[in-house]
Amino acid sequence: MNQYETLWKETLEAIKNNFNPDTFSWICKTSLFRIEDGMAYVSYRSVITKNIMSDANTKDLFEQYLSEMWGEPVHIQLMHYREVEKMMPEEIVQRRTKELVQTKFNADYTFENFVQGKSNQGAYAACFHCCVEDSHTFNPILIYGNSGLGKTHLLHAIGNYLQKERPEKKVFYAYSGDLVSILIDAMKTHNVQSNTVEMVQAQLIDNDYFLIDDIQNLTQSSSQEIFFKVYNSLIAKGAQIVITSDMHPNELEGIQNRLISRFNNGLPINILKPEFDTSRAILRKKLEGYEEACQINDETIDFLAHKFSDDVRKLEGSLRTLVFNATLENVDVIDLPFAQRVLSGQLIVAKPNKLTPKQIKKVVTKFYGLSYNEVEGKSRQKKLVNARHMIVYLCHETLGTSWTQIGQELGNRDHSTIKSSYDRAIKLLKTDTAFQIAMNKIKDSL
Ligand SMILES: Nc1ncnc2c1ncn2[C@@H]1O[C@H](COP(=O)(O)OP(=O)(O)OP(=O)(O)O)[C@@H](O)[C@H]1O
C-alpha cells in the first residue's frame, strides 16, 4: 500500500460510523490517489458514489478527517476513474503490476488436492521439489500438455505452498496474456521522466519464484524483448522460473528462438491425460466436497473415468452436473442409468467435430432471443450476462475451447473476464435452478 492508500483506509475507518452500511459500501468504492497543493484527488466509479461523495456534509466530514491525518488542510476533488487513468498512466501500470505481484492463489489448487498418477507425477515432483529446495537444478521447469490436465493447478499449488510454508519467498504468478498487456502498457507510457519499462522490469525481477501460465500467448514481439531481459536477470540471480504451455517448447509459434532455446535448457515435462485409475482417484477426490449431498456408485465412477478422462475439467463438470441433478431429484445414490440420463446432453455434445464455438453462440443467443451484437457488447443486463456465462461454460466444458478463443467470440473480452465468467456459470449451476434448466434445454438443442 502506498501512503495515499494507507491514509484513505484510515480515513474510511475513522468516519465509517457516520453512515449506514449501504451508503458506506458505495463510499468504499473510492480511492485517494494523490494529494497536491492542498487538493486531495479521489476517484469514483459510479454516479451513485459520486452523488454521495458530493453531498456537502459528507465532503466536510472527509475533508476534516483527511486534513487532520495529513497534517495540513486539504480539499477533496472528485474524479472519474477513467480520467485518473488518463492523467497518470504510469501509476496505473505500476499498480496493475503490483496487483499481479500480490496474487491470491486458488485455495483449492494445492499439492494435497492434486492426484498423482503416471501421467502427471513428473510434473508434480518437479513443482514440489522446487518449492522445498533452493538449488533449483532445473530452471526453468516447463510443463506442457493439453487443456484441463492440471498445469494451472500445479502453478497455484507452488504459490499456495510457498505462501504458507515459506512466506519470506516472493512469488509472482501471471497468465501470459495479462503479463503481455502490462508490458505493452509499460511501453506505451514509457518516457524519459517516468521510465515505466524499467520500473515494471524491476518489479518483475524482484521475485524468488516466477510462474507464467500459458506461455504460448506471449507472441507480441516487443513484449518478448522485455520478457527476455527479465528472464535472464531472474536466472542470473537464482530465482526459480516455472512455465506452462499447451505444447512442447520446440512447437511454440511466434516465440523468439533465443527464448525457446532457454526454455529447452531447463526441464520440459509433458503432462498427459490421466490413465483410468488416476481418473477414478481424481473423481473420488473431487467427490469429497459433495459427500453430504449424495453418494455415487463404483460403476458410475468407472463410466465417467472412461468417458471424460481426456480433460479433468470435463470429469469435474460431469460430476457437478450429476450431483446437482441428484440434489434436485432427491437421489441419494447416483447409479449408471441416472448418470447416463442426466449426462445424455454432454455425451452428445462430446463429439467435438460437429460442434464449434460459433454454433454454441448461435444456439445460446437464439434461446435467449438476443443478437450477436448484444452478447458481444458491454451491457450488463441479467439476460445478456447469463447468455455470456452459458456460452463460456459450454464452449469450455464441451469443446475445451481456450479462454482466449472464447474471448474472441465474445467481442474480444480478455482471458480473466472469460475465466471469471466460467466460475460464475459454475456457481449459477449450483444455485440457480432457472439457469440449470436453461442449460439443459440448450444442451438438448445442441
Ligand atoms: N491430477 C489432478 N488432481 C486433481 N485435480 C486435477 C488434476 N488435474 C487437473 N485437475 C483439475 O482440473 C481442472 C483443470 O485443471 P487446470 O486448470 O490446472 O488445467 P490446465 O492444464 O491449466 O488447462 P488450460 O491449459 O486449459 O488452462 C482444475 O479444477 C484442476 O483442479
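Rules used in this analysis
Residues numbered from 1 in each chain as written. Predicted model: local features only at pLDDT ≥ 70, side-chain atom pairs only at ≥ 80, totals over all residues. Heavy atoms only, no water. Near = heavy atom within 4 Å. Polar contact = N/O pair within 3.5 Å; in protein donor to acceptor, adjacent residues only side chain to side chain. Areas by Shrake-Rupley, 256 points an atom, 1.4 Å probe, with all protein chains shown as cover. Nonpolar A, V, L, I, M, F, W, Y, C, P; charged D, E, K, R; others polar. Domains from an automatic or database assignment. Pairing = 2+ DSSP bridges. Helix = DSSP H or I, 4+ residues; strand = E, 2+ residues; numbered from the N terminus. Axes fitted to C-alpha atoms, helices over the stretch in contact; angles between N-to-C directions. Buried < 20%, exposed > 50% of the residue type's maximum accessible area, 1.4 Å probe, protein only. Contact = heavy atoms within 4.5 Å. pLDDT = per-residue confidence, 0-100. 1 Å grid on protein atoms, 1.4 Å probe; cavity = no way out; pocket = protein on both sides within 12 Å on 5 of 7 lines; lining within 4 Å. Points joined across faces, edges and corners; volume = space filled by probe spheres on them. UniProt positions renumbered as here; feature names shortened; annotations may be inferred. Phe/Tyr/Trp six-rings, centres within 6.5 Å; stacked < 30°, edge-to-face > 60°. Expected span 1.5 Å × (residues − 1). Salt bridge = Lys/Arg side-chain N within 4 Å of Asp/Glu carboxyl O.

Around the ligand sit 19 residues, and of these Ser-147, Gly-148, Lys-151, Thr-152 and His-153 come closest. Within the contact set of the ligand, a nitrogen atom lies 2.9 Å away from a backbone nitrogen or oxygen of Val-115. Starting from 630 Å² of accessible surface for the ligand in isolation, the protein chains cover 96%. Within the shell around the ligand, the residues separate by chemical class into six nonpolar, eight polar and five charged.

Its domain assignment divides the chain into domain 1 (3–87), domain 2 (121–270), domain 3 (276–342) and domain 4 (349–445). Each of domain 1 and domain 4 has a C-alpha centre, and the two are 38 Å apart.

With that settled, consider the sheet that holds strand β3 (residues 75–80). The three strands lie next to each other as β1-β2-β3, forming an open sheet whose pairing is mixed. The open sheet has two edge strands, β1 (31–36) and β3, and neither has a second partner. With strand direction ignored, the average angle separating the axes of adjacent strands in the sheet is 25°. The sheet contact formed by β1 and strand β2 (residues 39–44) spans five bridges and is antiparallel. The partner of Leu-32 across the bridge, within β2, is Val-42.

What follows covers the environment of Trp-8. As for its position among the elements, Trp-8 is in helix α1 (residues 3–15). When its relative accessible area of 4% is taken as the criterion, Trp-8 is described as buried. Among all residues touching Trp-8, those that are not within four sequence positions of it are Thr-30, Ser-31, Leu-32, Val-42, Met-53, Phe-62 and Leu-66.

Attention now moves to the confidence of the model for the chain. Predicted coordinates in regions of low pLDDT should not be interpreted in detail. Considering every residue of the chain, the mean pLDDT works out to 87; 92% of them sit at 70 or more. The low-confidence segment residues 347–352 (pLDDT under 50) makes eight contacts with residues lying over four places distant or belonging to another chain.

Here we take up empty space enclosed by the protein. If you walk through the whole model with that rule in mind, you get two cavities of 30 Å³ or more. The volume enclosed by the largest cavity comes to roughly 90 Å³. Ranked by residues supplied to the lining of the largest cavity, first place goes to helix α23 (residues 433–445) with four residues. Its residues assigned to classes, the lining of the largest cavity shows five nonpolar, three polar and three charged. Taken domain by domain, the lining of the largest cavity gets at least three of its residues from each of domain 3 (276–342) and domain 4 (349–445).

Looking now at unusual backbone geometry. The step from Asn-139 to Pro-140 runs through a cis peptide bond, and the omega angle for that step is 5°. Here Pro-140 shows up in the loop between α7 (121–132) and β4 (141–144). In this structure, Asp-214 is a non-glycine residue whose phi angle is positive, near 60°. By secondary structure assignment, the location of Asp-214 is in the loop between β6 (209–213) and α11 (221–236). The class for Asp-214 is buried, based on a relative accessible area of 16%. Unusually for a residue other than glycine, Asn-330 sits at a positive phi of about 55°. Overall, the relative accessible area of 67% leaves Asn-330 in the exposed class.

This brings us to the UniProt feature "domain: Chromosomal replication initiator DnaA C-terminal" (unreviewed entry) in the chain. As annotated by UniProt and renumbered to match this structure, "domain: Chromosomal replication initiator DnaA C-terminal" (unreviewed entry) occupies residues 356–425. Secondary structure across residues 356–425 comprises 76% helix and 0% strand; the distance between its end C-alpha atoms is 19 Å.

Bringing the side chain of Arg-320 into the picture now. Looking at the secondary structure, you find Arg-320 in helix α15 (residues 312–328). Judged by relative accessible area, Arg-320 falls into the buried class, the value being 14%.

A separate point is the packing of aromatic side chains. The tally for this structure, following the rule as stated, stands at 17 aromatic pairs. Look at Trp-8 and Phe-62: their rings are 5.1 Å apart centre to centre, the planes differ by 20°, and that puts the pair in the stacked class. Here Phe-62 lies in helix α4 (residues 56–70) and Trp-8 lies in helix α1, a separation of 54 residues in the sequence. For the pair formed by Trp-8 and Phe-62, the shared burial category is buried.

Here the focus is helix α22 (residues 415–431). Taking 1.5 Å per residue, 17 residues should reach 24 Å; α22 reaches 25 Å between its end C-alpha atoms and fits that length. Here the buried face of α22 lies against β5 (171–175), α15, α20 (382–399), α21 (403–409) and α23.

Okay, the pattern of salt bridges next. Scanning the model with the defined rule gives 16 salt bridges in all. With its nearest N and O atoms 2.8 Å apart, the salt bridge here joins Arg-280 to Asp-302. Of this pair, Arg-280 sits in helix α13 (residues 276–287) while Asp-302 is found in helix α14 (residues 298–308), placing the two residues 22 residues apart along the sequence. Classification of Asp-302 as partly exposed rests on a relative accessible area of 24%. Put simply, Lys-361 and Glu-376 hold a salt bridge, and the shortest N to O gap is 2.6 Å. With a gap of 15 residues between them, Lys-361 in helix α18 (residues 357–368) and Glu-376 in helix α19 (residues 372–376) connect regions that are remote in the sequence. Within this structure, Lys-358, Lys-361, Glu-376 and Glu-409 form a network of salt bridges that share partners.

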